[in-house]
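Spelled out from the first residue to the last, the chains are:
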Amino acid sequence: MAGVWIIAEHRDGDFRKVTFEAASAAKTVADELGAEVVAVVLGKGLKDKCGELGKYGVAKVLYAENDAFEYYTADAYAEAVAALAKEQAPAAIIFGASMQGKDLAGRLAAKLDVGAAVDCTGLAVEGGRLKATRPIYAGKVYADVLLKADPQVVTLRPNVFDVKEAGGDAAVEEVSPAVSEPRVKLEEVVKEAEGKVELTEATIIVSGGRGMKEPDNFKILEELAGVLKAAVGASRSAVDAGWRPHGDQVGQTGKVVTPNCYIACGISGAIQHLAGMGSSKVIVAINKDPDAPIHSKADFSVVADLFDIVPNLTEECKKAG
Ligand SMILES: Cc1cc2nc3c(=O)[nH]c(=O)nc-3n(C[C@H](O)[C@H](O)[C@H](O)COP(=O)(O)OP(=O)(O)OC[C@H]3O[C@@H](n4cnc5c(N)ncnc54)[C@H](O)[C@@H]3O)c2cc1C
């Protein structure tokens, strides 16, 4: 059986959590298919790290060292992975539906002339092929997707699939896929503020909407987030008003997040916002309007003024340690 591939995502010399999630999910389906999990790592100076992917079920790593791979670019990654896949014919290529994965999936599938199931929340095997479950119509409906052609390109919604430890070190084989002269030149990498929790990887998100009234008021959310080691998100209204950067936007046209706990403060719960956070494991809504749609989606509803509730919640969380 042809292998099940994952594409590793890394930053600052470390693999990102979506890589371990993809490896763990790939291992589950590969076991059923009687196949091996192979990780493709494109990078610079990462060879010594590759073995650790074995811990998450990867049997073999195809490692390509190249200056062009130090930072992700769609051109270089799609070209290199497509070249390797054409040569080695994997059954499937699975990776995270992170910003990088979203960018890569369509381009890679087009180069391979196959379909792609993106942002999947479920993955199984049916009749020897992958059955991917993905939300459609802004999360109102879930569709089961079977891809007809190999390799089956599938991206997984971050934070949905468990990271499972399975096995020891992976074997590492160096490969050198040819890459063209880049059309894109990376000028600068702007790092996020030290200690800031990345929204799509956060286990807790405290999010604010138009009900925050003004940008300075987000300080109370940042304080709560600091105590909970959470990330701060925002609705599109808060972003459009210039109160928060676009990278903080949660929703259909922002980031899709699946934290263990999403605390929505002064957010009404429009369908486009729910599309981005509706699959959070626990949703807490703080909204003074009892008829706000967010309450019908919430596991815990607080119908009150957020300016009373949030500072008290922060104090109580501090006391609880
Ligand atoms: C094509 C398209 C794409 C979109 N994409 C996105 C997207 O990605 N993400 C997104 O968020 N939106 C998106 N939207 C916009 C979306 O439709 C809503 O307009 C937006 O989500 C509303 O933001 P909000 O909940 O912050 O504001 P509002 O709807 O104005 O809600 C503010 C809420 O705050 C509450 N409130 C006010 N004061 C307080 C207080 N003191 N205490 C407690 N509660 C208070 C109010 O009761 C109200 O429910 C999109 C829209 C379109 C058309």
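Thresholds, definitions, all that
Residues numbered from 1 in each chain as written. Predicted model: local features only at pLDDT ≥ 70, side-chain atom pairs only at ≥ 80, totals over all residues. Heavy atoms only, no water. Near = heavy atom within 4 Å. Polar contact = N/O pair within 3.5 Å; in protein donor to acceptor, adjacent residues only side chain to side chain. Areas by Shrake-Rupley, 256 points an atom, 1.4 Å probe, with all protein chains shown as cover. Nonpolar A, V, L, I, M, F, W, Y, C, P; charged D, E, K, R; others polar. Pairing = 2+ DSSP bridges. Helix = DSSP H or I, 4+ residues; strand = E, 2+ residues; numbered from the N terminus. Axes fitted to C-alpha atoms, helices over the stretch in contact; angles between N-to-C directions. Buried < 20%, exposed > 50% of the residue type's maximum accessible area, 1.4 Å probe, protein only. Right-handed = clockwise from strand over helix to strand, strands pointing away. Contact = heavy atoms within 4.5 Å. Domains from an automatic or database assignment. Salt bridge = Lys/Arg side-chain N within 4 Å of Asp/Glu carboxyl O. Parallel < 35°, antiparallel > 145°, perpendicular 65-115°, else oblique. Left-handed = near helix turned anticlockwise from the far one by under 90°. Phe/Tyr/Trp six-rings, centres within 6.5 Å; stacked < 30°, edge-to-face > 60°.

K.L.:
What am I meant to see in the site of the ligand here?
P.N.:
Near the ligand lie 26 residues; those nearest to it are Arg-210, Ser-235, Thr-253, Ser-268 and Gln-272. Contacts to the ligand include Gln-252, whose backbone N or O atom sits 3.0 Å from an oxygen atom. Within the contact set of the ligand, a nitrogen atom lies 2.9 Å away from a backbone nitrogen or oxygen of Leu-306. Burial of the ligand by the protein amounts to 77% of the accessible area it has alone, namely 980 Å². Of the residues contributing to the shell around the ligand, the split by class is 6 nonpolar, 14 polar and 6 charged.

K.L.:
What am I meant to see in the sheet that holds strand 4 (residues 37-43) here?
P.N.:
Across a sheet, paired strands are connected by hydrogen bonds in the backbone, their directions being either parallel or antiparallel. Taken together, 7 strands build an open sheet; the order of strands is 7-11-6-1-4-5-12 and the sheet is parallel. Strands at the two margins of the open sheet, each flanked by one partner only, are strand 7 (116-120) and strand 12 (171-174). In this sheet, neighbouring strand axes are inclined to one another by 25 degrees on average, regardless of whether the strands run parallel or antiparallel. Bridge count between strand 7 and strand 11 (residues 152-156): 3 bridges; the pairing is parallel.

K.L.:
Would you mind showing me how to read the pairing of strand 13 (residues 204-208) here?
P.N.:
Of all the 5 residues making up strand 13, 5 are buried; the element is thus mostly covered by neighbouring parts of the structure. In terms of strand pairing, strand 13 meets strand 15 (residues 261-265) through 5 bridges, oriented parallel. Bridging across to strand 15, Ile-204 finds its partner in Cys-261. Of the pairings in the sheet, the one linking strand 13 to strand 14 (residues 231-234) comprises 4 bridges and is parallel in character. Following the sheet pairing, Ser-207 is matched in strand 14 by Gly-233. A crossover links strand 13 with its parallel partner strand 14, the connecting element being helix 5 (residues 218-228), and its sense is right-handed.

K.L.:
Is there a simple way to think about the environment of Tyr-72 in this case?
P.N.:
Along the polypeptide, Tyr-72 turns up in the loop between strand 5 (60-65) and helix 3 (74-88). In this structure the C-alpha to C-alpha distance between Tyr-72 and Leu-186, which are 114 residues apart in sequence, comes to 9.4 Å. Setting aside anything within four residues of it in sequence, one finds Tyr-72 in contact with Tyr-77, Gln-100, Asp-103 and Leu-104. Among the polar contacts listed, one links the side chain of Tyr-72 to the side chain of Asp-103, at a separation of 2.7 Å.

K.L.:
Explanation requested: the domain arrangement of the chain in the structure shown.
P.N.:
Interface size is commonly expressed as the accessible surface area that is lost when the partners come together. Each assigned domain of the chain is listed with its residue range as follows: domain 1 (4-174) and domain 2 (199-320). Placing a centre on the C-alpha atoms of domain 1 and another on those of domain 2 gives a separation of 31 Å. If you look at the interface, domain 1 gives 11 residues, while domain 2 gives 12 residues. Remark: the boundary between domain 1 and domain 2 carries 1 salt bridge. Residue Glu-201 pairs with Arg-16 through a salt bridge whose shortest N-O separation is 3.1 Å. Summed over the shared surface of domain 1 and domain 2, the number is 6 residue pairs in polar contact (both at pLDDT 80 or more). Partitioned by chemical class, the residues of the side of domain 1 that touches domain 2 number 4 nonpolar, 1 polar and 6 charged.

K.L.:
Hey, could you run me through the packing of helix 3 against helix 4 (residues 99-112) in this one?
P.N.:
Relative placement of two packed helices is described by the angle separating their axes and the distance separating the axes. Between helix 3 and helix 4, the least distance of the axes is 9 Å, while the angle of their chain directions is 45 degrees. In terms of orientation, helix 3 lies oblique with respect to helix 4. As for the relative orientation of helix 3 and helix 4, their crossing is right-handed in sense. Contacts between helix 3 and helix 4 involve Ala-74, Asp-75, Tyr-77, Ala-78, Glu-79, Val-81, Ala-82, Ala-85 and Lys-86 on the former and, on the latter, Gln-100, Asp-103, Leu-104, Arg-107, Leu-108, Lys-111 and Leu-112. Tallied by class, residues from the contact of helix 3 with helix 4 come to 9 nonpolar, 1 polar and 6 charged.

K.L.:
I'm lost on the packing of aromatic side chains in this one. Help?
P.N.:
The relation between two aromatic rings is expressed through the spacing of the ring centres and the mutual angle of the planes. All chains considered together, the criterion is met by 3 aromatic pairs. Ring centres of Phe-20 and Tyr-56 lie 4.2 Å apart, and the angle between their planes is 25 degrees; this geometry places the pair in the stacked category. With Phe-20 in helix 1 (residues 17-33) and Tyr-56 in the loop between helix 2 (47-50) and strand 5, the pair connects residues that are 36 residues apart, well separated along the chain. Residue classification places Phe-20 among the buried residues on the basis of a relative accessible area of 13%. Taking the relative accessible area as the measure of exposure, Tyr-56 reaches 9% and is therefore buried. Centroid distance Tyr-72 to Tyr-77: 4.9 Å. Interplanar angle 70 degrees. Geometry classified as edge-to-face. For Tyr-77, a relative accessible area of 1% gives the class buried. Ring-pair connections join several aromatic residues into one group, and the members of that group are Phe-69, Tyr-72 and Tyr-77.

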